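# Fold and contact review
This is what each chain is made of:
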Amino acid sequence: MTLLTVNAMSQSLMRTVTFNVYLPSDKVDMAGNLIAKPPYKTLYLLHGIIGDQNDWLVGTRIASIAKHHNLAVVMPAGENQFYLDQPDHMNNYSQFIGKELLDSTRNMFPLSHKREDTYIAGLSMGGYGALHNGLKFHDNFSAIGAFSSGLILEDAVASTDESPVPFQKRSYYKAVFGDLTTLLESDQNPAYQVRQLAKSSTAIPQLYITCGTEDSFLEANNNFVAELKANKVPHTYETWSGGHEWAFWDKSVEKFIDWLGLEDDRSGVASDNING
């Protein structure tokens, strides 16, 4: 396994950032021949709130799953900022995730530069970040995986500072999202993004969405999927028993990668789900 931790300067965030990169570059057969040949298809994988770039490696089998599909995986840190631009604080996470990180990792490693080989996914806060940035930078990503997505915008608009939970206070939501009075009709709302993109001839990334039937975010995810249906946006939505937990996200990311139709070297068979 080739697993690297990278510390690099980000112009979008105006500081040194840390991210992890898994590469299938050391896969060889018994004769020493390279199995996974570059350039590599790449998944940009986002963590949830109170997490960091190590979460996916600790909580799931992502490295093992990616290895079988000859897939590179880039895992950045989003802190607790929902992967949004906050230019007044020089925290332009959206620009970092949607463009700069692609450019910098492609310069560092033998990754494919093709849209059709580039994917974004995430869990909870990262599921929101994958939807928002995958739709915003739709020219850069061909597929979006959103697992138990933190589609909390309605809650943010209705919030007060009375909540005992720091991440549910109105002051926190304002710091992250800005003006809450216009939030639902802004491009920070993935449902609004879908409506706007559906009006154009833009190629919307393929969407794979999951949520556990015992997850408190289930209703919000159901509502977002209803928006996709209303706007005739192709998507796959799967629910099964599970809560807001790593066992569910481990299964989700495996199913997402299988759904992409990448070759699985355990079977030697490739499907074409992403194009079907």
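Refer to the structure presented above.
Here is a short report on the structure shown in this document. (Residues numbered from 1 in each chain as written. Predicted model: local features only at pLDDT ≥ 70, side-chain atom pairs only at ≥ 80, totals over all residues. Heavy atoms only, no water.)

Counting its secondary structure elements, the chain contains nine helices and ten strands. Radius of gyration (C-alpha) of the chain: 18 Å, near the 19 Å computed for a compact globule of 276 residues. A principal-axis box enclosing the C-alpha atoms of the chain has dimensions of 65 × 40 × 35 Å. Counting the 276 residues in the chain, one finds 52% classified as buried. Here the analysis covers contacts within the chain between residues at least 6 apart in sequence; of these, 68% occur between residues at least 24 apart. Accessible surface computed for the chain: about 12,300 Å², of which carbon and sulfur atoms make up 50%. (Helix = DSSP H or I, 4+ residues; strand = E, 2+ residues; numbered from the N terminus. Rg over C-alpha atoms; globule rule 2.2 N^0.38 Å. Buried < 20%, exposed > 50% of the residue type's maximum accessible area, 1.4 Å probe, protein only. Contact = heavy atoms within 4.5 Å. Areas by Shrake-Rupley, 256 points an atom, 1.4 Å probe, with all protein chains shown as cover.)

Bridge count between strand 9 (residues 206–212) and strand 10 (residues 236–240): five bridges; the pairing is parallel. Considered in strand 10, the bridge of Tyr 208 is made with Thr 236. One crossover worth recording links strand 9 to the parallel strand 10 by way of helix 8 (residues 218–230), and it is right-handed. (Pairing = 2+ DSSP bridges. Right-handed = clockwise from strand over helix to strand, strands pointing away.)

Excluding glycine, most residues fall at negative phi; most peptide bonds, likewise, are trans. Backbone torsion omega between Pro 38 and Pro 39 reads 0°, so that peptide bond is classified as cis. Mapping Pro 39 onto the fold places it in the loop between strand 2 (15–23) and strand 3 (41–46). With a phi close to 60°, Phe 82 is a non-glycine residue in the positive phi region. Note that Phe 82 resides in the loop between strand 4 (71–76) and strand 5 (85–86). Looking at Phe 82, the relative accessible area reads 5%, which means it is buried. With a phi close to 50°, Ser 148 is a non-glycine residue in the positive phi region. When you line up the elements, Ser 148 lands in the loop between strand 8 (143–147) and helix 5 (153–158). Residue Ser 148 is classed as buried on the basis of its relative accessible area of 0%.

A word on the pattern of salt bridges. Tallying each qualifying case throughout the model produces eight salt bridges. Notably, a salt bridge pairs Asp 250 with Arg 61, separated by 2.8 Å at the nearest N-O pair. Of this pair, Asp 250 sits in helix 9 (residues 246–259) while Arg 61 is found in the loop between helix 1 (55–59) and helix 2 (62–68), placing the two residues 189 residues apart along the sequence. Judged by relative accessible area, which is 13%, Asp 250 ranks as buried. Since its relative accessible area comes to 39%, Arg 61 is described here as partly exposed. (Salt bridge = Lys/Arg side-chain N within 4 Å of Asp/Glu carboxyl O.)

This brings us to the sheet that holds strand 2. Taken together, the eight strands give an open sheet; going across it, the order is 1-2-4-3-7-8-9-10, and neighbouring strands pair in mixed fashion. Taken across any chain shown, the strands that pair with only one partner, and hence form the sheet edges, are strand 1 (2–10) and strand 10. The mean angle between the axes of side-by-side strands here comes to 20°, regardless of whether they run parallel or antiparallel. In this sheet, strand 4 lies alongside strand 3 in parallel orientation, the contact comprising four bridges. In the sheet register, Lys 41 faces strand 4, and the bridge partner there is Leu 71. Running at roughly 155° to strand 9, helix 9 makes contact with strand 3, strand 4, strand 7 (118–123), strand 8, strand 9 and strand 10 of the sheet. (Axes fitted to C-alpha atoms, helices over the stretch in contact; angles between N-to-C directions.)

All of the buried residues in helix 7 (residues 190–198) are Pro 190, Ala 191, Gln 193, Val 194 and Leu 197. Projected onto a plane normal to the axis of helix 7, the buried residues spread over an arc of 155° and lie on a single side. Looking at the packing, one finds that the buried side of helix 7 touches helix 4 (125–136), helix 5 and helix 8. (Arc of directions from axis to C-beta.)

Here we take up the packing of aromatic side chains. A complete count under the given rule lists 15 aromatic pairs for this structure. An angle of 35° between the planes, with centres 6.0 Å apart, marks the rings of Tyr 208 and Phe 256 as tilted. Highlighted residues: Tyr 208 in strand 9 and Phe 256 in helix 9, separated in sequence by 48 residues. For the pair Tyr 208 and Phe 256, one class covers both residues: buried. Put simply, the rings of Trp 56, Phe 147, Tyr 208, Trp 246, Trp 249, Phe 256 and Trp 259 touch in pairs and so form one group of aromatic residues. For the cation-ring pair, Lys 255 lies above Trp 240, with the distance from its terminal atom to the ring centre recorded as 5.4 Å. (Phe/Tyr/Trp six-rings, centres within 6.5 Å; stacked < 30°, edge-to-face > 60°. Lys NZ or Arg CZ within 6 Å of the ring centre and 35° of its normal.)

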